[in-house]
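A closer look at the structure
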Amino acid sequence: MLHRSCAVVALILIAACSDRTVTPPAETPIAASAVNAKRPEALAKMFAKGLKNAAFRAYLKAQLNVSPYREHKLQFETFLAAHESRALREIAVENATTKDAVESQVQAAIALEVYFPVPAHRAAWTGDEQVLVATAMTDDDPPIAFDPDGRRQVLDPKRPPTVPVLALVPVETDFSVRPARVMECIIDCDGSGGGPIGGVVPPPPPAPGLYMTKSHFVQDFEGWLKGSPEFEVHMLGQKGTTDSLYDYQCAGEHAGGPYTFDQNDLDWSGSVLLFSKTQLDQYNAAHPNQNLRVFVVEDDDTACQIKTDVGRAERLFNVVDSLYNNFTGGNDSSTVVVKAYKYAKAAKSFWQAIASFFKTNDDVVGTAVEDDIVGATYPGYNWFVKGDNNITNGWINLVMY
C-alpha cells in the first residue's frame, strides 16, 4: 500500500539536448509556441475536401504507408511539394481554387504533420471516403474535424470516433533525421552462426554516470489526436551563479547518443544515460553544495525544450521544497564500495527566477523525489514522480554506474 504524502511538485524550464559543460550560455533560444498560433481550420477543410478524389486518397495512403517515421507521419509541407506538388494540385482542384490560395494557407499556418494518431484507424482505412481530417493545437482542445464534403464537426478530445481520423497538427517529429530502416534477419537469426560462443557478443559496460533503467507512468498525458506520448527526462541545476534553473541535459527520443530512449507507452525498461560522470563532476565543481533536480515531461511540440506556465512552476517548487525540507534534489553519493544516486538538498531560491515569458503546453508529469524522502516504496523503483495536487504520476528507477 502506498503512503499518500502531501506534496505538489513539478517542472519548468528551457533547454537544449547536448552533453554540455557546466557553464551554460547566457541565452537560450525560445521555440515558437503552438499555443499562440492560430488553429489551421481552413487548411484542414481544404485538405479534407481534397479527399473527395479517389486517386488522391490512394496517393496519400501510399505515402503514409511508406513513411519511415514513427506512426507513419508525413511532414505536411514536404508532402504537398512532393512529386511536382501533386498533393497541392489535387487539393486546389477539389476546392475549386488555385495552388497559390492553398499555399497561402500553408504559409500562414504553423509547421504541421499529418498522420493517423489512432493505430486502429490507420489499420482500418482502406483509402475510402470514410475519413475525417481534424486539427487541434493543444491536448485539451476539442479537435475540429471536416469530412470530404467539407462539413465541420467538433470531436470529443478524450476519445476518438469510430470513423478514421487524419490529424493535421503542429509538428512533434524531427523530420531532418531520417530513421534507419530495420534490417531483416535472414541468416543465422538464432545467433548460432560464427563469432563468439552462441553468436552472442556481450554488450560493453556502460559509461560511468546516472542512468534510468525503467519507468512507469499512470497516464500518457497526451490527447488522442496527438498520437503516442513523448516522455523526456531533464536534469535541472543552478545556472551559473544565479538563482535560476538551467536544463543541463535532456534524455528522450531526440536527445541523441546514450541519452536516447523512446517511451511511447506507460511502461519502459532498458538503460538510458541521464547525466554522465563527467557532467556530474563538472557541475559539482562549478556549483558547490548546489544539487540537481530530475524532471519528467510529456513533450508536446519541440523535442528537449521544456515549456510550461511559470506561475505553475513557481507554486509547485515552493510547495515541494517546503514539504520535503528542500530534499528535492539528488547527487552522486557513491563511495569506493557502493555506487548510488541519493537525495540531496536543492537550493530553495532556484524557482524564484524562472523566466516569466514561458507559457506553452508541455505537460508536467512531475519532479522525482526519492522514496526515502517520500516515506513509501514501490516495488522495482526508487524515485517517485510527483505531480499536481500530490498525485503520484509515476515511478522511475535511477542507478549510478
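Residues numbered from 1 in each chain as written. Predicted model: local features only at pLDDT ≥ 70, side-chain atom pairs only at ≥ 80, totals over all residues. Heavy atoms only, no water.

A few words now on the packing of aromatic side chains. Aromatic rings in a pair are described by how distant their centres are and how their planes are angled relative to each other. Going through the model one piece at a time under the given rule, you end up with 17 aromatic pairs. With a centroid separation of 5.8 Å and 50° between ring planes, the pair formed by tyrosine 378 and tyrosine 381 is classed as tilted. Using a relative accessible area of 27% as the deciding quantity, one classes tyrosine 378 as partly exposed. A relative accessible area of 14% means that tyrosine 381 is categorised as buried. Lying over the aromatic face of tyrosine 115, lysine 73 brings its terminal NZ or CZ to 4.6 Å of the ring centre. (Phe/Tyr/Trp six-rings, centres within 6.5 Å; stacked < 30°, edge-to-face > 60°. Buried < 20%, exposed > 50% of the residue type's maximum accessible area, 1.4 Å probe, protein only. Lys NZ or Arg CZ within 6 Å of the ring centre and 35° of its normal.)

Here the focus is the packing of helix α2 (residues 54–66) against helix α3 (residues 76–94). Put simply, α2 and α3 touch, their axes get as near as 10 Å, and they point 145° apart. Considering the relative orientation of α2 and α3, their crossing is left-handed. Packed against α2, whose contacting residues are Ala55, Phe56, Tyr59, Leu60 and Gln63, the element α3 presents Phe79, Ala82, His83, Arg86, Ala87, Glu90 and Ile91 at the interface. (Axes fitted to C-alpha atoms, helices over the stretch in contact; angles between N-to-C directions. Helix = DSSP H or I, 4+ residues; strand = E, 2+ residues; numbered from the N terminus. Left-handed = near helix turned anticlockwise from the far one by under 90°. Contact = heavy atoms within 4.5 Å.)

Let's shift gears to a nonpolar patch on the surface. On the surface, a nonpolar cluster with roughly 350 Å² of combined accessible area is contributed by Val336, Val337 and Val338. Residue position: valine 337 is located in the loop between β12 (329–332) and β13 (341–344). (Patch = residues over 30% accessible without salt bridge, like charges linked within 9 Å, V, L, I, M, F, W, Y side chains within 5 Å. Areas by Shrake-Rupley, 256 points an atom, 1.4 Å probe, with all protein chains shown as cover. Salt bridge = Lys/Arg side-chain N within 4 Å of Asp/Glu carboxyl O.)

We now examine the state of the cysteines. Per the counting criterion, the structure on display carries one disulfide. Put simply, cysteine 250 and cysteine 304 are joined by a disulfide, and their sulfur atoms are 2.0 Å apart. Between cysteine 250 and cysteine 304, the S-S torsion sits near -60°, and that sign places the bridge as left-handed. Of this pair, cysteine 250 sits in strand β9 (residues 245–251) while cysteine 304 sits in the loop between β11 (293–298) and α7 (310–323), and the two are 54 residues apart along the sequence. The exposure classification of cysteine 250 matches that of cysteine 304, with both residues buried. (Disulfide = S-S within 2.5 Å.)

With that settled, the discussion passes to the packing of α3 against helix α4 (residues 99–108). Two elements in contact, α3 and α4, have axes whose closest approach is 9 Å; the angle formed by their N-to-C orientations is 135°. On the basis of the axis angle, α3 is oblique to α4. Read as a crossing pair, α3 and α4 show a hand that is right-handed. From α3, Phe76, Glu77, Leu80, Ser85, Leu88, Arg89, Ile91 and Ala92 reach across to α4, where they touch Lys99, Val102, Glu103 and Val106. A breakdown of the residues in the contact of α3 with α4 according to their chemical character gives seven nonpolar, one polar and four charged. (Parallel < 35°, antiparallel > 145°, perpendicular 65-115°, else oblique. Nonpolar A, V, L, I, M, F, W, Y, C, P; charged D, E, K, R; others polar.)

Buried within helix α6 (residues 277–286) we find Gln279, Leu280 and Tyr283. Projected onto a plane normal to the axis of α6, the buried residues spread over an arc of 100° and lie on a single side. Opposite the buried face of α6, by more than 90 degrees, sit the exposed residues Thr278 and Ala285. Elements in contact with the buried residues of α6: β7 (209–217), β8 (231–238), β9, β10 (267–276), β12 and β16 (392–400). (Arc of directions from axis to C-beta.)

Okay, the pairing of β16 next. With eight of nine residues buried, β16 lies mostly within the body of the structure. Looking at chain direction, strand β15 (residues 383–386) and β16 are connected through four bridges and run antiparallel. Across the sheet, the residue bridging to phenylalanine 384 is tryptophan 395, located in β16. (Pairing = 2+ DSSP bridges.)

If you trace the backbone, serine 67 turns up in the loop between α2 and β1 (74–75). Classification of serine 67 as buried rests on a relative accessible area of 8%. Those residues within four positions of serine 67 in sequence are excluded, and the remaining contacts are His72, Lys73 and Leu74.

Once that is clear, we can look at unusual backbone geometry. Phi is mostly negative for residues that are not glycine, and the peptide bonds are mostly trans. Positive phi is not limited to glycine here, since histidine 72 has a value of about 55°. The topology assignment puts histidine 72 in the loop between α2 and β1. Despite not being glycine, asparagine 326 has its phi angle at roughly 70°, a positive value. Looking at the element boundaries, asparagine 326 is found in the loop between α7 and β12. Classification of asparagine 326 as buried rests on a relative accessible area of 15%.

For the rest of this paragraph, the subject is the environment of leucine 51. Among the structural elements, leucine 51 can be located in the loop between α1 (41–50) and α2. Linking leucine 51 and valine 133, residues 82 residues apart in sequence, is a C-alpha distance of 9.3 Å. Setting aside residues up to four positions removed in sequence, leucine 51 forms contacts with Phe56, Arg57, Leu60, Glu129, Val131, Val133, Pro148 and Leu166.

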